[in-house]
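Observations on the model geometry
Listed below, chain by chain, are the residues.
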Amino acid sequence: MQHIQLGAVDYTLLIVYFAFVLGIGWVLRRYVRSSEDFFLSGRSIPAWIAGLAFLSANLGAQEVIGMAASGAKYGMMTSHFYWVGAIPAMVFVGLFMMPFYYGSRARSVPEYLKLRFDEKTRGFNAMTFAVMTVFSSGISMYALAKLLELVLGWSFHMSVILSAIIVLAYIFLGGLTSAIYNEVLQFFLIVLGFLPLVLLGLKDVGGWAGLTAKLETVATNAGFSAGAWSDSWRHLNSASANPMGVEWFGMVMGLGFVLSFGYWCTDFLVVQRAMAADSMTAARRTPLLAAFPKMLFPFLVILPGMIVIALQAGGTGLLPIGSDGTPNYNLAVPVMLAHYLPTGLLGLGLTALMASFMSGMAGNVTAFNTVWTYDIYQSYIRPGRPDAHYLRMGHAATVFGIVASVAAAYATTKFNNIMDMLQLVFAFVNAPLFATFLLGMFWRRTTGHGAFFGLLTGTLVAALHHGLVLPLGAAAGLKGGFLGAVLHTYPSEMAQNFWTAIFAWTSCFVATIVISLLTRPNKSDEDLKGLVYALTPRQRDEHLPWYKRPATLGVVVLAFTLVLNIIFW
Amino acid sequence: MKLDLRLPIGLMFTIFGVILTLYGFASDRAIYNRSLGVNVNLWWGLVLLAFGLVMLAFALRGGRKAERGS
């Protein structure tokens with residue numbers, strides 16, 4: 001692939017952006033006095049800022065690049081990640097879970113698990129989470145540096161070191177506040193940087209009508225009915241009728257319920273943003289306010305991929321073809337940038353790409369330093385020290401987290417399958433966790449032993465299921481089937497993942513109930529006040545104007561999402 | 001509130017808008033072949049400038065309100 005040439009104006013935009021990012025950290029440094037300031041922004045963030053940060057922390061480079069790649073590979077069905085997955089989950093976490101997260105005054109998700117269940121459940125979650133965040137920030141650093149090397153010819157080392165130093169500097173200076181403020185800046189930059197790309201692409205293919213017409217060729221060439229790339233629901237009756245290889249039950253249950261709720265409701269990376277909000281109402285509104293822009297994101301991140309694949313069929317052939325004969329879908333966004341944007345806007349587009357990467361990485365690092373300091377260091381290594389000690393530890397953990405991420409990025413260059421393996425383990429750990437939270441928050445009889453061993457059961461069942469099935473055309477190994485026998489073959493990896501999640505969630509749910517009934521409750525009703533639905537006073541919102549009431553916001557956002565589903569049915 | 005976030009957002013996008021608009025005027029028309037003949041630097045520069053100025057206006061108004069309040 002030929003490298004894109006950047007002009008002086010492109011570099012200027014990039015440098016201005018870096019200056020602002022560092023400047024925000026510099027200004028905020030004097031507000032960091034205690035560990036609560038550093039790890040939780042002193043719980044002082046207004047709802048709109050927390051909401052946009054909630055969104056942006058998840059909007060890493062992998063999301064931008066990966067969703068466009070899926071848009072090219074699977075078409076409009078990719079919107080299910082938003083309109084079936086993320087939005088309902090965000091409404092649920094805002095309306096039903098935030099009262100316990102925020103109300104319990106827990107400082108992290110693992111700490112909530114300790115208050116609700118016991119030490120071992122917290123320890124298990126804290127350890128796995130800490131390891132996972134370091135690796136996922138390392139992997140996204142690797143992905144970005146590889147991309148910049150391929151597209152711009154920048155040196156891999158320079159990209160890694162430069163981005164690591166900038167993220168380190170602004171988190172070190174201003175802690176979570178600095179990460180959150182920058183995430184909001186990055187949010188606007190990502191939207192305003194990618195929007196011209198989408199508009200130009202749409203103009204080029206002749207609007208939505210022109211796009212669907214071109215995508216019909218893509219679909220029929222691949223052996224599907226004409227609308228397979230431009231409809232979201234019509235082809236879900238059987239797994240063989242759509243490019244994703246899933247049927248509606250696996251999609252709604254696996255992706256919509258288990259994976260999305262598991263991620264948005266239990267992942268500390270996003271929950272931390274809401275925990276930093278300045279009041280209970282603000283915390284509950286955080287995910288709801290985030291859901292409004294999130295609802296429109298498919299047009300920003302999925303459409304570029306669909307446009308690229310439509311042009312591919314039209315003969316322009318933008319995507320380079322890999323050695324196995326399939327296009328390199330991950331390059332959808334970069335080739336669009338190079339194809340449509342002249343010097344000037346090109347710099348803006350690349351700055352947006354860098355911003356998405358930095359927001360994702362900062363999200364991981366701030367979640368890591370908090371879990372490490374509060375849930376591992378303060379709990380098991382050095383309890384009972386003065387607050388200043390933990391603040392120093394937070395600074396040290398930030399440096400350590402970044403260095404470990406860089407190491408993980410280099411490890412990924414050496415062992416390419418680390419990435420696949422970690423995504424696998426992540427799915428094993430996250431999917432059952434949602435069952436644990438659901439039972440913990442809504443069934444007061446759930447016991448500590450039930451939660452811990454239920455979680456273990458869910459994780460093991462996920463591994464077992466994965467070890468006994470394979471996606472079509474894959475060899476036994478990391479992709480599945482590693483237990484010797486292959487009992488079932490799924491039409492795609494996506495379908496396999498969805499079903500692994502369903503098995504993991506269900507087994508954790510059942511095992512937790514059974515073990516809880518067999519063991520004695522380890523917490524009294526008094527202990528569980530504020531942690532469990534039945535023992536927590538209802539939130540009263542009558543004093544708020546209707547547009548600030550969480551329940552109203554939730555209903556409105558769900559109604560809009562329903563309309564979007566119907567329009568693109 | 002520690003730092004009115006609208007201030008840096010407004011400033012950054014105003015600077016971006018000015019740079020892109022000026023560049024849109026100065027640049028050679030030939031580079032816009034790839035953007036379908038549209039001078040996107042000029043037009044999008046103006047969009048960013050407008051967004052930046054609106055954010056700045058909100059920040060300044062908010063700042064005055066806070067002064068009166070205290």
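The rules behind these values
Residues numbered from 1 in each chain as written. Chains lettered and ligands numbered in written order. Predicted model: local features only at pLDDT ≥ 70, side-chain atom pairs only at ≥ 80, totals over all residues. Helix = DSSP H or I, 4+ residues; strand = E, 2+ residues; numbered from the N terminus. Rg over C-alpha atoms; globule rule 2.2 N^0.38 Å. Buried ≥ 20, exposed ≤ 12 C-beta atoms within 10 Å, placed from the backbone. Contact = placed C-beta atoms within 7 Å. Axes fitted to C-alpha atoms, helices over the stretch in contact; angles between N-to-C directions. Parallel < 35°, antiparallel > 145°, perpendicular 65-115°, else oblique. Left-handed = near helix turned anticlockwise from the far one by under 90°. Expected span 1.5 Å × (residues − 1). Nonpolar A, V, L, I, M, F, W, Y, C, P; charged D, E, K, R; others polar. Core = buried A, V, L, I, M, F, W, Y, C linked by C-beta atoms within 7 Å. pLDDT = per-residue confidence, 0-100.

Within chain B, the regular secondary structure consists of 2 helices and 0 strands. Over its C-alpha trace chain B gives a radius of gyration of 16 Å, far above what one expects of a compact globule, namely 11 Å for 70 residues. C-alpha extents for chain B along the principal axes are approximately 55 × 15 × 15 Å. Here chain B holds 70 residues, and 31% of them are scored as buried. Sequence-distant contacts in chain B: of pairs separated by 6 or more residues, those separated by 24 or more amount to 74%.

When helices and strands are counted, chain A shows 19 helices and 2 strands. On C-alpha atoms alone, chain A measures out to a radius of gyration of 23 Å, which is about the 25 Å that the 2.2 N^0.38 rule sets for 569 residues. Principal-axis analysis of the C-alpha atoms places the extent of chain A at approximately 70 × 55 × 55 Å. Here the analysis covers contacts within chain A between residues at least 6 apart in sequence; of these, 79% occur between residues at least 24 apart.

Note on placement: lysine 214 of chain A falls in helix α9 (residues 207-221). Separated by 15 residues in the primary sequence, lysine 214 of chain A and tryptophan 229 of chain A place their C-alpha atoms 9.8 Å from one another.

This brings us to the packing of helix α4 (residues 61-74) of chain A against helix α12 (residues 280-313) of chain A. Residues and elements named next belong to chain A. Look at α4 against α12: their axes get within 7 Å of each other, and the N-to-C directions meet at 45 degrees. Looking at the two axes, α4 sits oblique to α12. The chirality of how α4 crosses α12 is right-handed. Contacts between α4 and α12 involve Glu63, Val64, Met67, Ala68, Ala69, Ser70, Gly71 and Ala72 on the former and, on the latter, Val301, Ile302, Leu303, Pro304, Gly305, Met306, Val308 and Ile309.

What follows covers unusual backbone geometry. Most peptide bonds take the trans form, and the phi angle of most residues other than glycine is negative. A positive phi angle is found at serine 41 of chain A, which is not glycine, with a value near 55 degrees. Take serine 41 of chain A: there are 31 C-beta atoms within 10 Å of it, and that puts it in the buried class. Positive phi is not limited to glycine here, since leucine 36 of chain B has a value of about 60 degrees.

The end-to-end C-alpha distance of helix α7 (residues 119-152) of chain A, which contains 34 residues, comes to 49 Å, matching closely the 50 Å that a straight helix rising 1.5 Å per residue would cover. Within two residues after α7 of chain A, glycine 153 of chain A carries a phi angle of roughly 75 degrees, on the positive side.

Let us look at the interface of chain A and chain B. Taken together, the contact pairs 29 residues of chain A with 22 residues of chain B. Looking at the side of chain A that touches chain B, the elements that each hand over two or more residues are α1 (8-28), α8 (156-205), α13 (332-340) and α14 (345-381) of chain A. With 10 residues, α8 of chain A is the single largest residue contributor to the side of chain A that touches chain B. For the side of chain A that touches chain B, the per-class residue count stands at 21 nonpolar, 6 polar and 2 charged.

Looking now at the environment of threonine 128 of chain A. With respect to the helices and strands, threonine 128 of chain A occurs in helix α7. Sequence separation between threonine 128 of chain A and valine 429 of chain A is 301 residues; the distance between their C-alpha atoms is 7.8 Å.

Quick look at the nonpolar core now. Across soluble globular proteins, nonpolar side chains have a tendency to be buried as a group. Residues and elements named next belong to chain A. With 221 residues, the main nonpolar core has Ala50, Val167, Met306 and Ala332 as its most contacted residues. It is α8 that contributes the most residues to this core, 23 residues altogether. Each residue touching valine 167, except ones within four places of it in the same chain, is listed here: Met358, Met361, Ala362, Val365 and Ile402.

Let us look at α9 of chain A. Residue and element names in this part refer to chain A. Its 15 residues give α9 an end-to-end C-alpha distance of 22 Å, which sits within 8% of 21 Å, the value for a rise of 1.5 Å per residue. Of all the positions in α9, only Leu211, Thr212, Lys214, Leu215, Val218 and Ala219 are classed as buried. In this structure, the buried residues of α9 make contact with α8 and α12. The positive-phi residue at the C-terminal boundary of α9 is glycine 223, with phi of around 90 degrees.

Here the focus is the packing of α8 of chain A against α14 of chain A. Residue and element names in this part refer to chain A. Where α8 meets α14, the closest approach of the two axes is 6 Å, and the angle between their N-to-C directions is 140 degrees. As judged from the angle between their axes, α8 and α14 are oblique. In this structure, α8 crosses over α14, and the sense of that crossing is left-handed. Residues of the contact of α8 with α14, tallied by class, amount to 19 nonpolar, 9 polar and 1 charged.

Take the confidence of the model for chain B next. Residues of chain B with pLDDT of at least 70 account for 93%, and the chain-wide mean is 85. Both scores are available for the predicted complex, with the pTM at 0.90 and the ipTM at 0.93.

Turning our attention to the environment of leucine 478 of chain A. Inspection of the secondary structure puts leucine 478 of chain A in the loop between β1 (469-471) and β2 (488-490). Residue class for leucine 478 of chain A comes out partly exposed when judged on the 16 C-beta atoms lying within 10 Å of it.

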